[in-house]
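Residue-level structural notes
Take a look at the letters that make up each chain.
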Amino acid sequence: QVQLVESGGGLVQAGGSLRLSCAASGRTFSIYDMGWFRQVPGKEREFVAAIQLSGSTTYYADSVKGRFSISRDNAKNTLYLQMNSLKPEDTAVYYCATKKYYSALFTHRDAYDYWGQGTQVTVSS
């Protein structure tokens, strides 16, 4: 199995920045594409960003495009999410996840199999 641990969340003012990290351990050789999702209590977990194994191709939700940047360091088994120009509506618990290699649905939660415990991001106005 794969274990994922997110970190870097916190409280920031609107317009500020945060950098989230996701450390992977366990059967890391089985990890291919990865992504970030976020969730507010009472709502469905929604797609934020995804990145292919090589890091050469990325995907973003329209709501974060131009503000967030996903990256990875495979040598360190770490995934990152740089969040700039944060808005109050970005407030959520952010989760990293590993995608099933055979799925091409980068924005669908069902395409991901392993998930971290989440890290809270709160943006004040």
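Keep in mind that what you see is a predicted model, and the values were worked out from it rather than measured.

1. Re the pattern of salt bridges
Oppositely charged side chains can form a pair if their charged atoms are brought close together. Evaluated as defined, the whole model comprises 6 salt bridges. Residue D90 is joined to R38 by a salt bridge in which the shortest nitrogen-to-oxygen separation is 2.9 Å. Of this pair, D90 sits in the loop between β8 (78-83) and β9 (92-99) while R38 sits in strand β4 (residues 34-39); the two residues are 52 residues apart in sequence, bridging distant segments of the chain. No difference in accessibility class separates D90 from R38, as the two residues are buried. Through salt bridges with shared partners, a single ionic network connects R38, E46, R67 and D90.

2. Things to note about the state of the cysteines
Going through the model one piece at a time under the given rule, you end up with 1 disulfide. Disulfide partner of C22: C96, at an S-S distance of 2.0 Å. Between C22 and C96 the disulfide shows an S-S torsion of about 55 degrees. By sign, it is right-handed. In this pair, C22 is assigned in strand β3 (residues 18-26) and C96 in strand β9, connecting sequence segments 74 residues apart. According to the relative accessible area criterion, C22 is buried, its value standing at 0%. With a relative accessible area of 0%, C96 lands in the buried category.

Definitions and limits used
Residues numbered from 1 in each chain as written. Predicted model: local features only at pLDDT ≥ 70, side-chain atom pairs only at ≥ 80, totals over all residues. Heavy atoms only, no water. Salt bridge = Lys/Arg side-chain N within 4 Å of Asp/Glu carboxyl O. Helix = DSSP H or I, 4+ residues; strand = E, 2+ residues; numbered from the N terminus. Buried < 20%, exposed > 50% of the residue type's maximum accessible area, 1.4 Å probe, protein only. Disulfide = S-S within 2.5 Å.

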